[in-house]
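The primary structure of each chain is shown beneath.
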Protein chains: 2
Amino acid sequence: MTIKDIARLAGVGVTTVSRALNGHPDISDETREKIQRIIKEYNYTPNQNARTLKQSAGKSILLMVKGIRSMFLSAISEGIQQNADEAGIAVSVHYLDEQADEVSVAIKLCRELKPVGIIFLGGEISNFERSFSQIKIPCVLSTASAKNLPFENLSSVSIDDFASGRKAAELLCDMGHRNVGIIRGSDEISNPSGLRLAGVKEGFRKHGIVISESQVEFSSYAISSAYEATMALCGKFPELTAVFAMADIMAIGVIRALLDMGKRVPTDVSVMGFDGIELADYFSPRITTLLQPTQKIASLSMRLLTGMIHDTIRANHIQLTPTFKPGESAAHLRRNSMAE
Amino acid sequence: MTIKDIARLAGVGVTTVSRALNGHPDISDETREKIQRIIKEYNYTPNQNARTLKQSAGKSILLMVKGIRSMFLSAISEGIQQNADEAGIAVSVHYLDEQADEVSVAIKLCRELKPVGIIFLGGEISNFERSFSQIKIPCVLSTASAKNLPFENLSSVSIDDFASGRKAAELLCDMGHRNVGIIRGSDEISNPSGLRLAGVKEGFRKHGIVISESQVEFSSYAISSAYEATMALCGKFPELTAVFAMADIMAIGVIRALLDMGKRVPTDVSVMGFDGIELADYFSPRITTLLQPTQKIASLSMRLLTGMIHDTIRANHIQLTPTFKPGESAAHLRRNSMAE
DNA sequence: CTGAAAGCGCTTACAG
DNA sequence: CTGAAAGCGCTTACAG
């Protein structure tokens, strides 16, 4: 069943069928209805390959989600898709794992899908530096800031990662913690966890505390990875009274590791997470965390992208602030366990 | 940059470039190497739209994953992709949400991707009954049995859901539980949770216990949904001493709800999960569960599919057995809280 | 081992 | 308002 069959059945040319298919105005109501009836009757759907092969430009946007299992990104992704639905914009979602190069994949997809714009959820700055210049359509990087990148067609929506790290440090300081271990993500300085770590250091420095490398461990976004990292951290920095994990999913591995070492949370060790995923609120203890405004990130990403597509705005870099969400996993340091 | 440009650059015809691209044998080493050098140099990748538009049959398999956020299905999905990688088979993964009709979507994708086979992860039996007859290529349904469906090109790999439900009932009975609440999934009788519920009833009947409708609540695969379901369940069946949740992700919502009602797990109420996702092992308490053999499901699914594709086997329905995994969320009923 | 030509199923100027 | 024709970038008989 092709457009030719429909044309024959309807007694019209293929051009006319194409017009009916694409809601083109130059067609009589009568003809359009007849064609639509036949399409329905034969349950015909046009071949997308042929369509995009020929089309000079598609009309959908591309959503690249890096971190298929991430509950945090899922929440934003769903928000974006909802926003797009409401605006009548088709979105083609592509999932990548943590190691993939999202920019290279996007470049390839651009040729095949010819999207009008792209939203990158959870991208890696270095991938953008390496090859984003090949992408010429409007794009938005969500959850990491692109303000230091030299691209005029790339906006970004993120939290202020440096300030967020500082805030985490201050919250833990206010609770009396002086010996804090840190579980961080990706090892790039310009990525969110690099910026947050710098913020944490700055926050502690204000209180006269220097964070050394022995207080920091790397982890991927797998719970098991955070578990291992915590074991290693406690080995090299046993005096810690609190752990700051840069993602709630990591905090879960952290808490389990602490429990397995016979430590109570938060009585012996406090744990602070980051992101504010749904699971954090169902965990036991409920995870004390810094909540990222996922719905705001979603709607702003869409708004920036459509604005750039319609040429009403230029590339723009928005930074939001996370909210402290008290849970049950962090508490004031007890006097008797203070090292000082 | 198209195949024509490459042909011009290499001083050969497009047919020859196509041959080099597709690893066709009828080409001299010299020519192939020259073409490959140019492809690398210009970083050319063929347009998939044009390719599949023309190709009578593709060579990739389709993997339809229903339940994008499901950690259980993710584990199987990753196993399948790994198996496919090792066998040198390309797989195109498509994610759907719980409400989508995976069979209709697959029918559409077949026309566009022309896959040689499809694996459905987490499908709904009723969708297969409605429209699977339109699919003519070999398919495998994973995690639900298709043995009662009349399709010669559809195999299945699943656990024996009825026996699994009975096993859960027996385990809880052995722990002394007589008043067990059940949090089940999808409301279709022929789907896994329907079969498991029938198994649970059978298991309890052997011990002279009848499970009434007031002991059963529905839940989606969202933690919050299981939380609400548990609240409702405890309202209408307050005497329960154990809850069987048909997915670990539900068990998390169940435990949180019980804790919020001031009940201790497992001291006051035992909770048994299902699936054996990684998170279950990091939760506190560790979730007692029935572990599905995800890696075995993955490898068998691939083996069945490739066997059918190469016509060496016919459609086949394999049922596996889950393993009891003792955790910390279920325990023997304490004497003093026994109702009898 | 190689290449010219047909054609996959659409869309898009172009002409009427 | 409508249709014949060109062409998107490939693959695939076919002929050499």
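What counts, and at which threshold
Residues numbered from 1 in each chain as written. Chains lettered and ligands numbered in written order. Predicted model: local features only at pLDDT ≥ 70, side-chain atom pairs only at ≥ 80, totals over all residues. Helix = DSSP H or I, 4+ residues; strand = E, 2+ residues; numbered from the N terminus. Buried ≥ 20, exposed ≤ 12 C-beta atoms within 10 Å, placed from the backbone. Least-squares fit on C-alpha atoms with pLDDT ≥ 70 in both. Contact = placed C-beta atoms within 7 Å. Pairing = 2+ DSSP bridges. Axes fitted to C-alpha atoms, helices over the stretch in contact; angles between N-to-C directions. Parallel < 35°, antiparallel > 145°, perpendicular 65-115°, else oblique. Left-handed = near helix turned anticlockwise from the far one by under 90°. Nonpolar A, V, L, I, M, F, W, Y, C, P; charged D, E, K, R; others polar. Expected span 1.5 Å × (residues − 1). Domains from an automatic or database assignment. Core = buried A, V, L, I, M, F, W, Y, C linked by C-beta atoms within 7 Å. Near = placed C-beta within 6 Å.

Caption draft 1: The arrangement of the overall build of chain A in detail. Across its full length, chain A holds twelve helices and twelve strands. The 340 residues of chain A split such that 47% are buried.

Caption draft 2: Highlighting the relation of the copies chain B and chain A. Overlaying chain B on chain A yields an RMSD of 0.3 Å, the required transformation being a rotation through 180 degrees with an accompanying axial translation of 0.2 Å. Between the two chains, the operation in question is that of a two-fold axis. Taking C-alpha positions as reference, the residue of chain B nearest the rotation axis is N49(B), located at 2.2 Å. When you check the interface residues of chain B against chain A, 100% turn up at the interface there too, and the contact is symmetric in its surfaces.

Caption draft 3: Focus on the sheet that holds strand 1 (residues 61-66) of chain B. Residues and elements named next belong to chain B. The strand order 2-1-3-4-5-11 describes an open sheet built from six strands, whose pairing is parallel. The open sheet has two free edges, formed respectively by strand 2 (91-96) and strand 11 (317-320), since each of these has just one partner strand. Averaged over all neighbouring strand pairs, the angle between strand axes comes to 15 degrees, with direction disregarded. Pairing geometry for strand 4 (residues 139-142) and strand 5 (residues 154-159), over four bridges, is parallel. Across the sheet, the residue bridging to S142 is V157, located in strand 5. Sheet contacts for helix 5 (residues 71-87): strand 1, strand 2, strand 3 (117-121) and strand 4; angle to strand 1, the most-contacted strand, approximately 170 degrees. Contacting strand 1, strand 2 and strand 3, helix 6 (residues 102-113) crosses the sheet at an angle of about 155 degrees to strand 1.

Caption draft 4: Highlighting the packing of helix 1 (residues 3-10) of chain A against helix 3 (residues 29-42) of chain A. Residue and element names in this part refer to chain A. Two elements in contact, helix 1 and helix 3, have axes whose closest approach is 10 Å; the angle formed by their N-to-C orientations is 125 degrees. As judged from the angle between their axes, helix 1 and helix 3 are oblique. The element helix 1 and its partner helix 3 pack so that their crossing is right-handed. Of the residues in helix 3, those in contact with I6, L9 and A10 of helix 1 are K34, I35, I38 and I39. Per-class residue counts for the contact of helix 1 with helix 3 are six nonpolar, no polar and one charged.

Caption draft 5: Structural context of helix 6 of chain B. Compared with the 16 Å implied by 1.5 Å per residue over twelve residues, the 15 Å span of helix 6 of chain B between its first and last C-alpha is a close match. In this fold, the buried residues of helix 6 of chain B make contact with helix 4 (48-54) of chain A together with helix 4 (48-54), strand 1, strand 2, strand 3 and helix 7 (125-131) of chain B. With its phi angle positive at about 45 degrees, K114(B) sits one or two positions after the end of helix 6 of chain B.

Caption draft 6: Looking closely at the domain arrangement of chain A. The domains assigned to chain A are domain 1 (3-46), domain 2 (61-159 + 294-320) and domain 3 (161-292 + 325-337). Spacing between the C-alpha centres of domain 1 of chain A and domain 2 of chain A amounts to 35 Å.

Caption draft 7: Fine view of the nonpolar core. Among the nonpolar cores identified, the biggest contains 172 residues, and A245(A), V254(A), V271(A), A245(B), V254(B) and V271(B) are the most heavily contacted of them. In contact with A245(B), other than residues within four places in its own chain, are I183(B), A226(B), M250(B), A251(B), V254(B), V271(B), G273(B) and F274(B).

Caption draft 8: Here's a closer look at the protein's contact with DNA strand C. The immediate surroundings of DNA strand C are formed by 26 residues, with I3(A), S18(A), A50(A), G13(B) and K54(B) found nearest. Elements that contribute at least two residues to the surface near DNA strand C include exactly helix 2 (14-21) and helix 4 of chain A together with helix 2 (14-21) and helix 4 of chain B. Here the residues of the surface near DNA strand C are counted per class, giving ten nonpolar, twelve polar and four charged.

Caption draft 9: Representation of unusual backbone geometry. Going from S284(A) to P285(A), the amide bond is cis rather than trans, its omega being 5 degrees. Inspection of the secondary structure puts P285(A) in the loop between strand 9 (270-272) and strand 10 (289-291). Along the chain, V265(B) connects to P266(B) via a cis peptide bond; the corresponding omega equals 5 degrees. Mapped onto the fold, P266(B) is located in the loop between helix 11 (248-260) and strand 9 (270-275). Of note in the backbone geometry, K114(A) takes a positive phi value of approximately 45 degrees without being a glycine. Turning to its location among the elements, K114(A) is positioned in the loop between helix 6 (102-113) and strand 3 (117-121). Taking the number of C-beta atoms within 10 Å as the measure of exposure, K114(A) has 18 and is therefore partly exposed. Its identity as a non-glycine residue notwithstanding, N43(B) has a phi of 55 degrees, on the positive side. Positionally, N43(B) belongs in the loop between helix 3 (29-42) and helix 4.

Caption draft 10: Up close: helix 9 (residues 192-205) of chain A. All names here are of chain A. For helix 9, which comprises 14 residues, the first-to-last C-alpha distance of 20 Å matches the rise-based estimate of 20 Å (1.5 Å per residue) to within 8%. Taken across its 14 residues, helix 9 has ten buried, putting it largely inside the fold. For helix 9, the complete set of buried residues consists of P192, S193, L195, R196, L197, G199, V200, K201, G203 and F204. Packed against the buried residues of helix 9 are helix 8 (161-174), strand 6 (180-184), strand 7 (216-218) and strand 8 (242-245).

Caption draft 11: Up close: the environment of F274(A). Structurally, F274(A) is set in the loop between strand 9 and strand 10. Taking the C-alpha atoms as reference points, F274(A) and A251(A), separated by 23 residues in sequence, lie 8.1 Å from one another.

Caption draft 12: Up close: the protein's contact with DNA strand D. The environment of DNA strand D is made up of 26 residues, and the closest members are G13(A), K54(A), I3(B), S18(B) and A50(B). Counting only elements with at least two residues in the surface near DNA strand D, the list comes to helix 2 and helix 4 of chain A together with helix 2 and helix 4 of chain B. Its residues placed into classes, the surface near DNA strand D shows ten nonpolar, twelve polar and four charged.

Caption draft 13: How the structure looks around the packing of helix 1 (residues 3-10) of chain B against helix 2 of chain B. Residues and elements named next belong to chain B. The contact between helix 1 and helix 2 brings their axes to 8 Å, and the two run at 105 degrees. As judged from the angle between their axes, helix 1 and helix 2 are roughly perpendicular. Seen from helix 1, the contacting residues are I3, K4, I6, A7 and A10; seen from helix 2, they are V14, V17 and S18. When grouped by side-chain class, the residues that make up the contact of helix 1 with helix 2 number six nonpolar, one polar and one charged.

Caption draft 14: Seen up close, the interface of chain B and chain A. Counting from both sides, the interface comprises 25 residues of chain B and, opposite them, 25 residues of chain A. Where the side of chain B that touches chain A is concerned, the elements lending two or more residues are helix 4, helix 6, helix 10 (223-236), helix 11 and helix 12 (278-282) of chain B. Grouping the constituent residues of the side of chain B that touches chain A by class yields ten nonpolar, nine polar and six charged.

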